[in-house]
Amino acid sequence: RQSIGMITTGTDALDALLGGGIETQAITEVFGEFGSGKTQFCHTMCVTTQKPKEEGGLGGGVMYIDTEGTFRPERVVTIAKANNMDPAKLLDGIIVARAYNSSHQVLILEEAGKTIQEENIKLIISDSTTGLFRSEYLGRGTLASRQQKLGRYIRLLARIAETYNCAVLATNQVSSSPDSFFGDPTRPVGGNVVGHASTYRIYFRKGGKNKRVAKIIDSPHHPASEAVFELGERGVQD
Ligand code: ATP
Ligand code: MG
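Note that the coordinates shown come from a computational prediction; the quantities given were computed from them, not determined experimentally.

Engineer: I'm lost on the packing of aromatic side chains in this one. Help?
Structural biologist: Geometrically, a pair of aromatic rings is defined through the distance of the ring centres and the angle of the planes. Here the structure, examined in full by the defined rule, presents five aromatic pairs. Seen in terms of ring centroids, Phe31 and Tyr203 are 5.2 Å apart; in terms of plane orientation they differ by 35°. Their pairing is tilted. With Phe31 in strand 3 (residues 26–32) and Tyr203 in strand 8 (residues 200–206), this residue pair connects regions lying 172 residues apart in the sequence. Like Phe31, the residue Tyr203 is buried in the burial classification. With a centroid separation of 4.9 Å and an interplanar angle of 55°, the aromatic rings of Phe204 and Phe229 are classed as tilted. Of the two residues, Phe204 sits in strand 8 while Phe229 sits in strand 10 (residues 226–232), which places them 25 residues apart along the sequence. On the accessibility criterion, Phe204 (1% relative accessible area) is buried. A connected cluster of aromatic rings, assembled from ring pairs, spans Phe41, Phe204 and Phe229.

Written out as structure tokens, the structure reads:
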């Protein structure tokens, strides 16, 4: 068994919350409402993953599964410059896979193994994990088939994390809208299927203009503490 790697978030506050950063061989799930900073966090991790080990990265590439068309190369460029890193080189290290529907989203993972090895991918980003599933499977009658397919996707993420010693960062939008299957707005869409496979679950919430608050939920070995961070030029920052 390979040893577990750790990727810095680029902020002292979130690193402290997570015990150093996000881990390989695990799924880290970030959930929160729109604008809470999930996608900004993903963009930041695209940069930190490529830092050398001495600087808290893994010197590896990133596979970004983009289900909402919200990946922004220019955002990576800004964050790279703020970190004194070469933007062109960083963009070369990110494989973006745009998923057009939930079946395509699953297919991308089914076929990802070769690319992960060839490109030395150390972080798989799934942003957002459940959006396409939600929009395609409406109504109570389709809940079972939705959960079955989503379950397959999550199991693939977990298997890839272990097989290739990758970190997985999976975002999930909180919904309190009427189509939600859960009354509690702090519970992620996708519910148990996502939650059980995740090793770490972090809840992001807004805390003022650029301020955001992260909280670890249900972790066996993290104290339930909170971290305050900002959204800005460096992506997520102290
Ligand atoms: P959704 O669930 O809708 O996908 P999200 O959690 O992914 O939402 P983000 O897109 O990560 O949310 O965050 C959007 C917020 O990030 C904006 O409201 C803005 O406040 C902030 N933001 C985006 N770019 C910058 C920037 N360059 N500088 C500072 N803040 C920024
Ligand atoms: Mg987003």
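Engineer: In this structure, what is going on with the side chain of Thr9? I would like to understand it.
Structural biologist: As for its placement among the helices and strands, Thr9 is situated in the loop between strand 1 (6–7) and helix 1 (12–18). Among the polar contacts made by the side chain of Thr9, one reaches the main-chain amide nitrogen of Thr11 at a distance of 3.2 Å. Each residue touching Thr9, except ones within four places of it in the same chain, is listed here: Leu14, Asp15, Leu18, Gly21, Phe41, Thr44, Met45, Thr48 and Val236.

The rules behind the values
- For every chain, the first residue of the written sequence is number 1, and numbering continues from 1 onward in sequence order.
- Chains carry letters and ligands carry numbers; both start at the beginning, A for chains and 1 for ligands, and go up in the order they are written.
- Selection of residues for local features in this predicted model requires a pLDDT of at least 70, selection of side-chain atom pairs for listing and counting requires 80 or more, and totals for whole chains, interfaces and linings are taken over all residues.
- Excluding hydrogens and water, the side-chain values take into account all heavy atoms of the structure.
- Pairing of aromatic side chains here covers Phe, Tyr and the six-membered ring of Trp, requires ring centres within 6.5 Å, and sorts the geometry by plane angle: under 30 degrees stacked, over 60 edge-to-face, intermediate tilted.
- Going along the chain from the N terminus, every DSSP run of H or I of four or more residues is numbered as a helix, and every run of E of two or more is numbered as a strand.
- Here's how the labels work: a residue is buried when its accessible area is under 20% of the maximum for its type, exposed when over 50%, partly exposed in between, all with a 1.4 Å probe on protein chains only.
- For this analysis, a polar contact is any N or O atom pair within 3.5 Å, provided that within protein one partner can donate a hydrogen and the other can accept it, and provided that sequence-adjacent residues contribute only side-chain to side-chain pairs.
- When checking whether two residues touch, look at their non-hydrogen atoms; a contact exists if any pair is within 4.5 Å.

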